[in-house]
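# Observations on chain architecture
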Amino acid sequence: MIVSIDWLKDFVDIKETPEELSEILSSVGLEAEYTDSFSEISNVIIGKVLSVEKHPNADRLNVCSVNDGEYNYQVVCGAPNVKAGQIIAYAKVGSVLPGGFKLEKIKLRGVESSGMICSAKELNISDEHDGILVLPGTCNIGGEFFKEYGYKYLNIELDVTPNRPDAFSHYGVARDISVILGRKLVSHSFTSKVKEFKPRFSLTIDDQNDCTRYVGGLLSNVNVKPSPQWMQERLIAVGQRPINNLVDISNYVLMEMGQPTHIFDWDKIKSNEILVRRAKKKEIIKTLDQNSFELDETHLVISDGMNPIAIAGVMGGLDSAVDEKTTTVFVESAYFDPITVRKSSKSLRLSTEASKRFERGADPEATTNAFWRIVALIEEYGNGEFQGEFLDLISKEFTKTVIRLRLSEVTQIIGLEVEPKKIIDILKGIGCEVSLLDNSDLDCIPPSYRPDISREIDLIEEIARIYGYDNIPSDNSLYGEMIVEESDPQLYLQEFRESMSSLGFFQHYSNSLQNKMTANIVGDNSIAMLNPLNKDMAYLRTSLIPNLIKAAHLNIKNSIKSIRLYELANIHTQSGKKLKQMSEEIRLAGIIFGIEQKSSVHSDKVLFDIFSLKGILASLIGEKVYKNLDIIDTDDTFYEFGFTLSYKDELIGSFGKLSKNIFKTLKVDKVDMFAFDICIEKLNFSKSVIKFEPINAFPKIARRINLVMDQSDSIKPVLNLIKDKAGEELIDYYPVEIFEDVESLGENKKSVVFEMVFQHKEKTLEDKDVNPIIDEIIDIAQKNFNAKLRV
Amino acid sequence: MSLKDSIKSVKNDFLTDFATVSDSSGADLLKQKYLSRNGLVTNLFKQLGQVSKEDKPLFGQLLNQLKIDLNDKLNSLDSTSDTVSDADKIDIFMPGKIYPSGSIHILEQTMLDIKKIFSEIGFNVAYGPEIDDDYHNFSALNVPEHHPARDMQDTFFVDKDIVLRTHTSNVQIHLMEQEEPPLRFIVPGRVYRNEAISYKSYCLFHQVEGLFVDKNVSFSQLKGCLEYFAKKMFGANRKMRWRPSYFPFTEPSAEVDIWDEQRNQWMEILGCGMVDPEVFKSVGYDTNVWRGYAFGMGVERIAMLKHDIDDIRLFYNGDVRFLRQF
């Protein structure tokens, strides 16, 4: 909400600068932002238009004579509304306007022009630039523009939290200022001396829960015209557009007192019955903003006995709106139930200044005060006559609640003993009725405009708020019981992140929301949003790899030739629509692309391949576990060729070269890219404490066998055989050499040298310990795998 | 033992020995053992005389090969050590060999910093679900349906009663449902808001939630705790400001700003307050015994402030030119 500082001064004395006032308002919970829109304007003064003559060479221009209190200047002006005798804002030659625009003496179509007559837009007052800004006659000619007039537009933007409907008005904000600064708050209440008169209309409220109070009354002989200049200025200052005196008066009272009201054209209402009721199904209303809404029982309406004439607390109907021909008006000032208004406004997606205030909780006791204020203003500025025709229907009395406040609890919660006198001053300041009990506790009745105060803790908050959070000392002692809990359950992930960093990988953080195709890339089990931002972000991801590919693509476009990227984050899948059937799992996925080792003085260029990835995984997963992993081919279409990783018969992930389908789905160019995806929780061994094993000091002994095998045969059976037969003393085994040579080996043959390393825990191994094993392995290999020992 | 077996055995012994040797002095010892006048290989040559005429060429060849292999291996050790010691040949202005290093994402680093600071003062770390029911994300936190406070956070709905959590505060409820007081936790995690993407807002971000429940907890202690955090995070001399604010699940509620010298303005870093009694009621804690404070901070916001990052989208697009800066 925007508040005008000039307006606030109606109710409380303010000597502070706008910056200081902003700080004060922020310090009491009304987060304030002041934007200085005038300091960049200089040398603009109040002038008077002495004469206006047609420009000799341009139809739309006028040549004016402007007096600045001392001299007369010739100014060419293009505004259609310029007239002799007007008091205006005159920007002299040398003055600076918003945007750093500096005025110079110029010729316009052959006529010299010294300076400019300004529009409201050129002075940062509003967006109005169809004509010049005409000032009231009270401005002193020759005076500085800001001091004479511009100050009226100093404003502060407040972010009012939902618990403070009372601060949604100038009077409410002034009240907080008065409490915090200890200044007097000007009383602002209205009544009428006119005798009540039996009105020509009836008033009915269907359900007292929807509307606890409704004040309505008639004024006749109203003259619809522009509202007075001061009122327009204030509305403009708070960002409202003036329309006519009736609409402006209603808006003015809303901004001033926070009570929404509505003014109907009485002659357009087809009966004498005003009824507050729920809408009927399929009932239609056309609202002031020219929209049509189909209503149902959710919506509370004001009806003329037949049709709805307003959506209660939200917006009036077009058919009963005031216009320039209006002569008799019906003024409504009511209290509508917050939840009812909120449901109505939400379901219609129609949020207005009125609905915002009702749904937060208007002041149930403010209806009459606002009504009489409206009546007085219409009488004064719209020639309206009020003859006593009004009704104040209370369907449910406002009940005051008494709240017991324990001073001990104040001290406990705030952590500081606040003087009882200070507490009472604060509570009275915000409008509470306070009575002191024998045990020095207090009984408080909060004011009707503070629906947020209903419990002891609400009062304590008020005390802390007004006392000032910055005035509450900080307790730096570490208080409380030290609780032994399991340490960070995700601590183990940090080891993986550090490993990834040292393997050259950058960590990626990406959007969890994707389009349907991408989210269902690995299975049709993604979770959809009911209300997505857009189609591209309508589903939760089921795999981390698509975003890695997209990020890689972005980097490829930026000419990056070598990419190692990973993400460690949650994925979500569902097996049904219930919360219990939705699962969250943390995954570690990565991709490699392009150059593994660029060419240098030391070596030639090396490209990433599947064995780069395999090596990375071995290093990442760690020797102990990696050695015991099972790697099996998978026909997952995700990969052009891919493999699953299992540990102790449990699937822990997969890796491979990404298939071209994936690139197609993601609409990016296909490149050779390798990826892995691991269920990292299954590699969390942080709970098992590593126990030290004595270092084995006995010598290792290595043996090699050279087998000639069919080219197409995998080495896997041989490796398995070695593992099976070699026994406990085998500590390492791997192929060390592979070569193909038709001359020495024959067609479609390869020679593979396997090395085995043995070490015993308790003795030095000798030939006789190892040789029989080697012989057996060779023997079985030759028999079972079509392999031959090469000598 | 036949000569053939002997050759094999000597070769294996050599390989085993060789594996333990790393410099030229070690190589010299092995030369002595295998290739000297009484060395093991030399001795095998001596056995050649005992084999049959037909076999002689084959074994001769095998033995020669063995000698060559051994020599090659030992010489390779010699030469590597020689190069290293040969200072004249090194031009150290040649580039080093490449060992690429990656980085941990700046959001992760920031989150780790936050965790570390709170761990130092006795907070444990817990996590909770990103998809949750309306109850844990809203109602139990004193945000009833049809309350204007719901407008404070634009929510993604998965189903009528299932949401993507809008804050990590849902974990407050889970924790209190599972554990008896006292408790002291921080909860890092990803949260979602149905907001259009721009340089300053994204449809998701990360929060760290804090919750402390004990017997005599006060606002003054909350101030002490969070001032400790802010000083650790942003420097001991950073100016701070406490403003009253509103969150349905805390009362009194506050927002904390730090002064940003560069932007010449206050910047909000976190929201906090005393746990609202309604929240304790929804988890069955006795409000006459237990009191607490809670806080929540945006990791992105803190990282942006600390590192002068001016566009939130940079965090999520995986541009290596961004990632490698941290």
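Model, not experiment: these values are computed from the prediction. (Residues numbered from 1 in each chain as written. Chains lettered and ligands numbered in written order. Predicted model: local features only at pLDDT ≥ 70, side-chain atom pairs only at ≥ 80, totals over all residues. Heavy atoms only, no water.)

## Digging into the pattern of salt bridges
Applying the stated criterion to the full structure yields 63 salt bridges over all chains. Of the charged contacts, one joins arginine 243 of chain B and glutamate 31 of chain A as a salt bridge, the two residues approaching to 3.4 Å between their closest N and O atoms. Placement of the pair is arginine 243 of chain B in strand E7 (residues 240–247) and glutamate 31 of chain A in strand E2 (residues 31–33), with the two residues belonging to separate chains. On the accessibility criterion, glutamate 31 of chain A (26% relative accessible area) is partly exposed. Aspartate 210 of chain A serves as the salt-bridge partner of arginine 278 of chain A, at 2.8 Å between the closest nitrogen and oxygen. (Salt bridge = Lys/Arg side-chain N within 4 Å of Asp/Glu carboxyl O. Helix = DSSP H or I, 4+ residues; strand = E, 2+ residues; numbered from the N terminus. Buried < 20%, exposed > 50% of the residue type's maximum accessible area, 1.4 Å probe, protein only.)

## A short note on the side chain of arginine 150 of chain B
Following the sequence through the fold, arginine 150 of chain B ends up in the loop between helix H6 (134–137) and strand E3 (157–159). Among the polar contacts made by the side chain of arginine 150 of chain B, one reaches the main-chain carbonyl oxygen of valine 143 of chain B at a distance of 3.1 Å. Excluding residues within four positions of it along the chain, arginine 150 of chain B makes contact with Arg342 of chain A together with Asp134, Phe138, Ser139, Val143, Pro144 and Glu145 of chain B. (Polar contact = N/O pair within 3.5 Å; in protein donor to acceptor, adjacent residues only side chain to side chain. Contact = heavy atoms within 4.5 Å.)

## Some remarks on the environment of glutamine 259 of chain A
All names here are of chain A. Along the chain, the position of glutamine 259 falls in the loop between helix H6 (245–257) and strand E15 (261–265). The exposure class assigned to glutamine 259 is buried, which follows from its relative accessible area of 1%. The sequence separation of glutamine 259 and threonine 340 amounts to 81 residues, and the corresponding C-alpha distance is 17 Å. Excluding its chain neighbours within four sequence positions, the residues that come into contact with glutamine 259 are Val253, Leu254, Ser333, Ala334, Phe358, Ala362, Asp363, Ala366, Thr367 and Ala370. One polar contact links glutamine 259 to serine 333, side chain to side chain, over a distance of 3.4 Å.

## A word on a negative patch on the surface
A cluster of acidic side chains, namely Glu19, Glu20, Asp36 and Glu40 of chain A, defines a negative patch on the protein surface. Mapped onto the elements of the fold, aspartate 36 of chain A is located in the loop between E2 and strand E3 (42–54). (Patch = residues over 30% accessible without salt bridge, like charges linked within 9 Å, V, L, I, M, F, W, Y side chains within 5 Å. Areas by Shrake-Rupley, 256 points an atom, 1.4 Å probe, with all protein chains shown as cover. Lys, Arg positive; Asp, Glu negative; His and termini not counted. Charge placed at Lys NZ, Arg CZ, Asp CG, Glu CD.)

## Some words on the pairing of strand E6 (residues 204–214) of chain B
All names here are of chain B. Taking burial as the measure, the eleven residues of E6 include eleven buried ones, the bulk of the element. Across the two faces of E6 the burial is the same, with Leu204, His206, Val208, Gly210, Phe212 and Asp214 and Phe205, Gln207, Glu209, Leu211 and Val213 all buried. Pairing between E6 and strand E10 (residues 291–298): eight bridges, direction antiparallel. From the neighbouring strand, phenylalanine 212 faces E10, where its bridge partner is tyrosine 293. (Pairing = 2+ DSSP bridges.)

## Considerations on the packing of helix H2 (residues 24–35) of chain B against helix H3 (residues 40–47) of chain B
All names here are of chain B. Interaxial distance between H2 and H3 falls to 4 Å at its minimum, and their mutual angle equals 15°. Comparing the axis directions of H2 and H3 gives the class roughly parallel. Taken together, the residues of H3 that come into contact with H2 (itself represented by Lys33, Tyr34 and Leu35) are Leu40, Val41 and Thr42. Of the residues in the contact of H2 with H3, the class split is four nonpolar, one polar and one charged. (Axes fitted to C-alpha atoms, helices over the stretch in contact; angles between N-to-C directions. Parallel < 35°, antiparallel > 145°, perpendicular 65-115°, else oblique. Nonpolar A, V, L, I, M, F, W, Y, C, P; charged D, E, K, R; others polar.)

## Here we look at empty space enclosed by the protein
Inspection of the entire model under this criterion finds one cavity of 30 Å³ or more. By volume, the largest cavity is sized at about 70 Å³. Taken together, Val28, Gly29, Thr161, Asn163, Arg164, Glu461, Glu462, Arg465 and Tyr469 of chain A together with Pro244 and Ser245 of chain B make up the lining of the largest cavity. Sorting the residues of the lining of the largest cavity by element identifies helix H12 (456–467) of chain A together with E7 of chain B as the ones contributing at least two each. The element contributing the most residues to the lining of the largest cavity is H12 of chain A, with three residues. Here the lining of the largest cavity is built from residues that sort into three nonpolar, four polar and four charged. (1 Å grid on protein atoms, 1.4 Å probe; cavity = no way out; pocket = protein on both sides within 12 Å on 5 of 7 lines; lining within 4 Å. Points joined across faces, edges and corners; volume = space filled by probe spheres on them.)

## Describing the sheet that holds strand E25 (residues 433–436) of chain A
Residues and elements named next belong to chain A. Here three strands make up an open sheet; going across it, the order is E24-E26-E25 and the pairing antiparallel. Two strands bound the open sheet, and with one partner strand each, they are strand E24 (403–405) and E25. If you compare each strand with its neighbour and ignore which way they point, the axes differ by 25° on average. In the sheet, E24 pairs with strand E26 (residues 442–445) via three bridges, with the strands oriented antiparallel. The partner of leucine 405 across the bridge, within E26, is leucine 442.

## Notes on the packing of aromatic side chains
For the coordinates displayed, the defined rule picks out 43 aromatic pairs over all chains. A centroid spacing of 5.2 Å and a plane angle of 70° characterise the contact between phenylalanine 336 of chain A and phenylalanine 358 of chain A, whose relative ring orientation is edge-to-face. Residue phenylalanine 336 of chain A is found in strand E22 (residues 329–336), and its partner phenylalanine 358 of chain A is found in helix H8 (residues 353–360); the two are separated by 22 residues along the sequence. Residue phenylalanine 336 of chain A shares its accessibility class with phenylalanine 358 of chain A, and that shared class is buried. Taken together, the ring pairs connect Tyr202, Phe315, Tyr316, Phe322 and Phe326 of chain B into an aromatic cluster. Of note, lysine 239 of chain B hangs over the ring of tryptophan 259 of chain B, and the distance from its end group to the ring centre comes to 5.0 Å. (Phe/Tyr/Trp six-rings, centres within 6.5 Å; stacked < 30°, edge-to-face > 60°. Lys NZ or Arg CZ within 6 Å of the ring centre and 35° of its normal.)

## Considerations on the sheet that holds strand E16 (residues 273–278) of chain A
Residue and element names in this part refer to chain A. Within the open sheet, the five strands sit side by side as E13-E16-E19-E20-E21. Their pairing is mixed. Looking at which strands have only one partner, the edges of the open sheet turn out to be strand E13 (202–205) and strand E21 (315–316). Summarising the sheet, strand E20 (residues 308–311) and E21 pair through two bridges and their orientation is antiparallel. Directly across from alanine 310, in E21, lies its bridge partner glycine 316.

## Section: the packing of H6 of chain A against helix H9 (residues 367–381) of chain A
Relative orientation and spacing of two packed helices are given, respectively, by the angle between their axes and the distance between those axes. All names here are of chain A. Packing of H6 against H9 brings their axes to within 10 Å, and their N-to-C directions diverge by 140°. In the crossing of H6 with H9, the sense of the turn from one axis to the other is right-handed. Between H6 and H9, the contacting residues are Asn245, Leu246, Ile249, Ser250, Tyr252, Val253, Glu256 and Met257 on the first element and Asn369, Ala370, Arg373, Ile374, Leu377, Ile378 and Tyr381 on the second. (Left-handed = near helix turned anticlockwise from the far one by under 90°.)

## Quick notes on the interface of chain B and chain A
The accessible area lost on association of the parts is a frequent measure of interface size. Taken together, the contacts link 102 residues of chain B with 97 residues of chain A. Counting the surface lost from both chain B and chain A, the interface buries some 8400 Å², and carbon and sulfur atoms represent 55% of this. Interface area lost by chain B to chain A is led by His146, Pro244 and Glu251 of chain B, which between them contribute 8%. There are eight salt bridges connecting chain B and chain A. Between arginine 455 of chain A and glutamate 251 of chain B there is a salt bridge, with the nearest N and O atoms lying 3.1 Å from each other. Residues belonging to the side of chain B that touches chain A are distributed by class as follows: 46 nonpolar, 26 polar and 30 charged. (Buried area = accessible area lost by both parts, 1.4 Å probe.)

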